[in-house]
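Spelled out from the first residue to the last, the chains are:
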Amino acid sequence: MPTYQLQRGTYDAYDDDALNLDKLQEILKATVSLYGFNPIITPIYEQTELFTRSVGESSDIVNKEMFSFVDKGGRNISLRPELTAGVMRAIVTNKLYATRDLPLKYYYCGPAFRYERPQQGRYRQFTQFGVERVGVTSPLDDAETIIMGYSSLLMIGFPRVTLKINTLGDEKTRDNYRAALKEYFAPHIASMCEDCKRRFETNPLRILDCKDPQDREIIAKAPSMSEYLSDEEKAYFKVITDALERFDIPYELDTTLVRGLDYYSHVVFEYHYTSDDGTNLGAIGAGGHYDNLVSEVGGPMLSSVGFALGLERLNSLLKEIKQEEYEKPFLDCFLIYQGEECQTVAFDLAMMLRFNGFKCDLLYQNKNYGAQLKVATRKMTSFAIFVGEDEVKNHRFNIKNLETQEQEAVAYDDLVAYLDEHLEVHHHD
Ligand code: ATP
Ligand code: MG
């Protein structure tokens, strides 16, 4: 028999990890729906050109990280490296910008694929949860989106989050700034990394994103974006930072923050978490404002703002932060019986309990009471319900609290009320 290995850069999630990845999505969806965001679901693959045009030729994602192939019909296809491009394409394909109230407010959640060197917090298939607000008309749209992302992270349990923020101005400002950067880097570029040499030609702004420590020293002395911003652009940005201050959201102005994608303008931001021992897995989420993306994929000019969070990074950090609260598999009740006649009653009883919203399980393996009880305990069950011949005859069941070991007889008609009352803690989580 051949054995099959997990593909490099991918992972299997099970037990608590799978439960928690699920739970994270639930909390994030609930939080953004408070702000009027609704789901949008798009395919995991699109024509390659959608990504090269929207994410940008000069980005690392398009340059080095795409999973691309030619399908049997000869089409150039790529697995999505992020979800924004597909959402923009869907908005244009379905003319949502013309038939719905603006701004459009969508959230998405699903796998993204990047051919990266695997390391902690970096996979080749990972999950992004994100939002897009399309048709923004005020810096308050940006402010609200940034605050929403921040509070989502607090909702899922981060004790604190660092928000790094910067403004990139509009296209003209960026062109002027790029020219200034080019002039500044020209005498240094020969000594800088290969990526920077490429960025110098394709998009010198991107050099600011370099993580090489030697290059960072050169970058630290580069001219600052802020010298190139117009008064209007500064005023726009101030509305955003003022809102952050009203809500006591600590932010760090980082003038070298440019983000990895080509399409951003005005505000860009990243959420970071540094653990008590100083570990920082890199951004746990990031986003920004973009003006050209909808038109770039064939729609009208509409400004937008959005962010994306990486669920795996959130999950692995949360696991350390709130170990005790980390979701564990559990059952409300386990039915324990012997013999064929009781089996049918147990089967029906389990169905009834599930229809009433209880997490319920039982075995069909002909095991004795003790063995079934052991399974119930291993599966973190709150109550064992015994379905014996006497119980079936009398329509009363012995219920054992597996934590306290206390046992009580409860009539069939009172079962649901009894469990409701005694499981209150679980169900009101
Ligand atoms: P980084 O600088 O860490 O490479 P990025 O700028 O490429 O991040 P984005 O494109 O902004 O990341 O994606 C949004 C979020 O998705 C990131 O903040 C991160 O949490 C997550 N993410 C990005 N790439 C990966 C990956 N390869 N594996 C797991 N999560 C990822
Ligand atoms: Mg990256």
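Please refer to the structure higher up on the page.
Residues numbered from 1 in each chain as written. Chains lettered and ligands numbered in written order. Predicted model: local features only at pLDDT ≥ 70, side-chain atom pairs only at ≥ 80, totals over all residues. Heavy atoms only, no water.

(A) The sheet that holds strand β4 (residues 76–79), seen in detail. Ordered in space as β2-β4-β3, the three strands form an open sheet in which the pairing is antiparallel. Every other strand in the sheet has two partners, leaving β2 (45–47) and β3 (68–70) as the edge strands with one partner each. On average, each strand axis in the sheet is inclined to that of its neighbour by 35°, with strand direction left out of account. Relative to β4, β2 runs antiparallel, the two sharing three bridges. Note on β4: the bridge partner recorded for Gln47 is Ile77. (Pairing = 2+ DSSP bridges. Helix = DSSP H or I, 4+ residues; strand = E, 2+ residues; numbered from the N terminus. Axes fitted to C-alpha atoms, helices over the stretch in contact; angles between N-to-C directions.)

(B) Structural detail: the nonpolar core. Grouped together as the largest cluster of nonpolar side chains are 51 residues, with contacts concentrated most on Met88, Ile91, Phe185, Met192, Ile207 and Leu208. In contact with Leu208, not counting residues within four places along its chain, are Tyr177, Leu181, Phe185, Arg216, Ile219, Thr255, Thr256 and Val258. (Core = buried A, V, L, I, M, F, W, Y, C linked by side-chain atoms within 4.5 Å. Buried < 20%, exposed > 50% of the residue type's maximum accessible area, 1.4 Å probe, protein only. Contact = heavy atoms within 4.5 Å.)

(C) Geometry of the sheet that holds strand β11 (residues 304–310). If you trace the eight strands from one edge of the open sheet to the other, you get β1-β5-β6-β11-β10-β9-β7-β8, paired in mixed fashion. Strand pairing shows two members of the sheet lacking a second neighbour, β1 (38–39) and β8 (251–253), which therefore form its edges. In the sheet, strand β6 (residues 125–134) pairs with β11 via seven bridges, with the strands oriented antiparallel. Paired with Phe129 across the two strands is Leu309, which belongs to β11. Relative to the sheet, helix α10 (residues 231–246) contacts β7 (162–167), β8, β9 (265–272) and β10 (285–290), its axis offset from that of β7 by approximately 165°.

(D) The packing of aromatic side chains, seen in detail. Within this structure, the stated rule accounts for 13 aromatic pairs. Judged by centre distance (5.5 Å) and plane angle (45°), the rings of Tyr177 and Tyr228 are tilted. In this pair, Tyr177 is assigned in helix α7 (residues 171–185) and Tyr228 in the loop between α9 (213–220) and α10, connecting sequence segments 51 residues apart. Look at Tyr228 and you get partly exposed, because its relative accessible area is 29%. Measuring from centroid to centroid gives 6.1 Å for Tyr271 and Phe307, while their planes differ by 90°, and the two rings are edge-to-face. Here Tyr271, found in strand β9, pairs with Phe307, found in strand β11; they are 36 residues apart in sequence, far enough to count as distant. For Tyr271, a relative accessible area of 0% corresponds to the buried category. Look at Phe307 and you get buried, because its relative accessible area is 2%. Feature note: the residues Phe269, Tyr271 and Phe307 constitute an aromatic cluster, connected by ring pairs. When the ring centre of Tyr115 is taken as reference, the NZ or CZ atom of Arg124 above it lies at 3.9 Å. (Phe/Tyr/Trp six-rings, centres within 6.5 Å; stacked < 30°, edge-to-face > 60°. Lys NZ or Arg CZ within 6 Å of the ring centre and 35° of its normal.)

(E) Structural view of the packing of helix α1 (residues 15–33) against helix α6 (residues 139–155). It is at 9 Å that the axes of α1 and α6 come closest, and there the two elements cross at 140°. Considered as vectors, α1 and α6 are oriented oblique to each other. Seen from above, α1 lies across α6 with right-handed handedness. Mapping the contact onto sequence places Ile27, Leu28, Thr31 and Val32 in α1 and Met148, Ser152 and Met155 in α6. Split into classes, the residues belonging to the contact of α1 with α6 amount to five nonpolar, two polar and no charged. (Parallel < 35°, antiparallel > 145°, perpendicular 65-115°, else oblique. Left-handed = near helix turned anticlockwise from the far one by under 90°. Nonpolar A, V, L, I, M, F, W, Y, C, P; charged D, E, K, R; others polar.)

Just distances and angles here, no functional claims.
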